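Listed here are the chains, written in short residue letters.
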Amino acid sequence: MNLTRALSVLPSPADLRSMTRTPRRDLMCGLTVAVVALPLALGFGVTSGLGAASGLATAIVAGALAALFGGSARQVSGPTGAMTVVLVPIVHRYGAAGVLTVGLIAGVMLLALAFARAGAAMAYVPAPVIAGFTIGIACVIALQQVPAALGVPTPPGEQVAVVAARAAEGFGRAQQWPAPLLALGSAALMLAGARWKPAVPFSLVAVAAATAVAEALHLHVTRIGTLPASLPAPSLAFLDVSRVPSLLAPAAAVAALAALESLLSASVADGMRPGERHDPGKELFGQGIANLAAPLFGGVPATGAIARTAVNVRTGAASRLAALSHALILAGIVAVAAPLVGHIPLASLAGVLLATAVRMVETDTVRAMARATRGDALVLGLTAASTLALDLVRAVLIGLGVSVLLALRAAVRGTRLTPAAADELPGGAGTVTYRFDGPLLFAGAHRLRRSLGDVHDGVSAVDLRLSGLTAVDATGALALKDAVGELRGRGIEVRITGVDHSHRKALESLGVLPAGPTPNRGAIPTVAGVPAP
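Described below are features of the structure shown in this document. (Residues numbered from 1 in each chain as written. Predicted model: local features only at pLDDT ≥ 70, side-chain atom pairs only at ≥ 80, totals over all residues. Heavy atoms only, no water.)

1. Details of a nonpolar patch on the surface
Part 1 of the argument: On the surface, Leu189, Val200 and Val205 cluster together to form a nonpolar patch covering roughly 190 Å² of accessible area.
Part 2 of the argument: Inspection of the secondary structure puts Leu189 in helix H9 (residues 178-196).
Part 3 of the argument: By relative accessible area, which is 32% here, Leu189 ends up partly exposed. (Patch = residues over 30% accessible without salt bridge, like charges linked within 9 Å, V, L, I, M, F, W, Y side chains within 5 Å. Areas by Shrake-Rupley, 256 points an atom, 1.4 Å probe, with all protein chains shown as cover. Salt bridge = Lys/Arg side-chain N within 4 Å of Asp/Glu carboxyl O. Helix = DSSP H or I, 4+ residues; strand = E, 2+ residues; numbered from the N terminus. Buried < 20%, exposed > 50% of the residue type's maximum accessible area, 1.4 Å probe, protein only.)

In structure tokens form, the structure reads like this:
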């Protein structure tokens, strides 16, 4: 790695100077985002299995470092619902220390992705995959909230649907209604308030109202409990080097998700502010630094948070100072109001996250994609179902795999081998001229071979024009070679013309065209692989 590439992912002087242009507006935006982020950080910390304090530590540490080192001026990072979906099974299998170690390893992996400039790959993820991924995450987040919303202990298990069903059975036996009523009330207030006054942080209003009701009526519901008034001292006491090899696979899943969600969130921010473009390499670098540091303070892995980023952009944030101040304000809130925060009912946080899950899905966009083509609908539905049944990384891979297969099928259907018009025929009677258009790839190579094989015996020569060839691979080239060989064996002369320079190497290396310099490499006539006289 050269020094230029290493320095390219660091914040530039212009990035830092931009923080001094509109400090008052950015600080007000940071306050608004902090108010929105507080209940989400608490809720996602609880849902991950490491507790509310862990969620706050993530929002503060990762939020500050990703703001400073990230590639988007308006991105807000912290604990997210998508990440908790991945973390819950890791907590069950490896415990809290395993999650913190996974966060460290994932941070290193994100730094490697940043230096490898892997961020550009985000542009190749199809929209139906992202939409299906989001639907699946929303379903998983909602199912994760069922035990807390019903006021019952979380049953054992890693499959969220099974855990939710067991929690419902437990509630059926106990029939304790305060927790479900607080959860439903919080969710309803948040959803209704978002429609009425989108700029008001109704998530905090809902949590405050539920806490006041629970205190006034002395309801027997589970609370968050004692929170530290400050971050713990950084420590590596949780790290067990002997467990690192077994944690590489979970860490790769966390790193992949952090990269995907952060780059997606940054792209959303770009779309909300035309003319703005994030730097994918810097964004991955910032997330890597954030995930390296957060576990040292007991925080879970973090990503860019789409909902908080959207709030930041809508309120007018002009620089990364807004996201940085949101983290510092959260630290101040915890220092001043930690005892009050400890009284928040878990059911209320569950209601806030249920509403968040509902708001994650843009129904109009999903409906439009589902109606676009049957292939888009298949990819969307399959990705969503795989997210719910398997895990996020495998779901994305399945969605990408099906998308590639559908794209190949569309490419194959777009290939055409058509006879040329009569006035274009250069060979006179007994000569048939064909024009090939489209890609000559493995998926459709057999179609070319079959079509050329159908040439009847009365033909003395075949002119094959490849000026419309858009791509070729080894399988396609071999199929063409075999077809030419079969025609030659039947005594039919074959001329191949119009081959573009970019495709000649593949055809020459497999013997379809003669190798070596020629006067005009753009259109070389050959007869059965030999230059025509």
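2. Some remarks on the packing of aromatic side chains
Part 1 of the argument: Under the criterion given, the structure shown has 4 aromatic pairs.
Part 2 of the argument: Consider the rings of Phe69 and Phe285, whose centres lie 6.1 Å apart with planes at 70 degrees: the pair is edge-to-face. Of this pair, Phe69 sits in helix H4 (residues 52-69) while Phe285 is found in helix H12 (residues 280-293), placing the two residues 216 residues apart along the sequence.
Part 3 of the argument: For Phe285, a relative accessible area of 7% translates into the label buried.
Part 4 of the argument: Here Phe115 and Phe285 contribute two aromatic rings whose centre-to-centre distance is 6.0 Å and whose plane-to-plane angle is 65 degrees, an arrangement assigned as edge-to-face. Of this pair, Phe115 sits in helix H5 (residues 81-115) while Phe285 sits in helix H12, placing them 170 residues apart in sequence. Of the two residues examined, Phe115 and Phe285, each falls in the buried class.
Part 5 of the argument: A network of ring pairs unites the aromatic residues Phe69, Phe115 and Phe285 as a single cluster.
Part 6 of the argument: The ring of Trp196 carries Lys197 above its face, with NZ or CZ at 5.7 Å from the centroid. (Phe/Tyr/Trp six-rings, centres within 6.5 Å; stacked < 30°, edge-to-face > 60°. Lys NZ or Arg CZ within 6 Å of the ring centre and 35° of its normal.)

3. Things to note about the pairing of strand S4 (residues 431-440)
Part 1 of the argument: Within S4, 8 of the 10 residues are buried, which leaves it mostly tucked inside the rest of the structure.
Part 2 of the argument: Pairing of strand S3 (residues 416-419) with S4 involves 4 bridges; the strand directions are antiparallel. What sits directly across from Leu417, in S4, is Phe436.
Part 3 of the argument: When S4 meets strand S5 (residues 461-472), the two strands line up parallel, connected through 9 bridges. Looking at S5, one finds that Val432 is bridged to Val462. (Pairing = 2+ DSSP bridges.)

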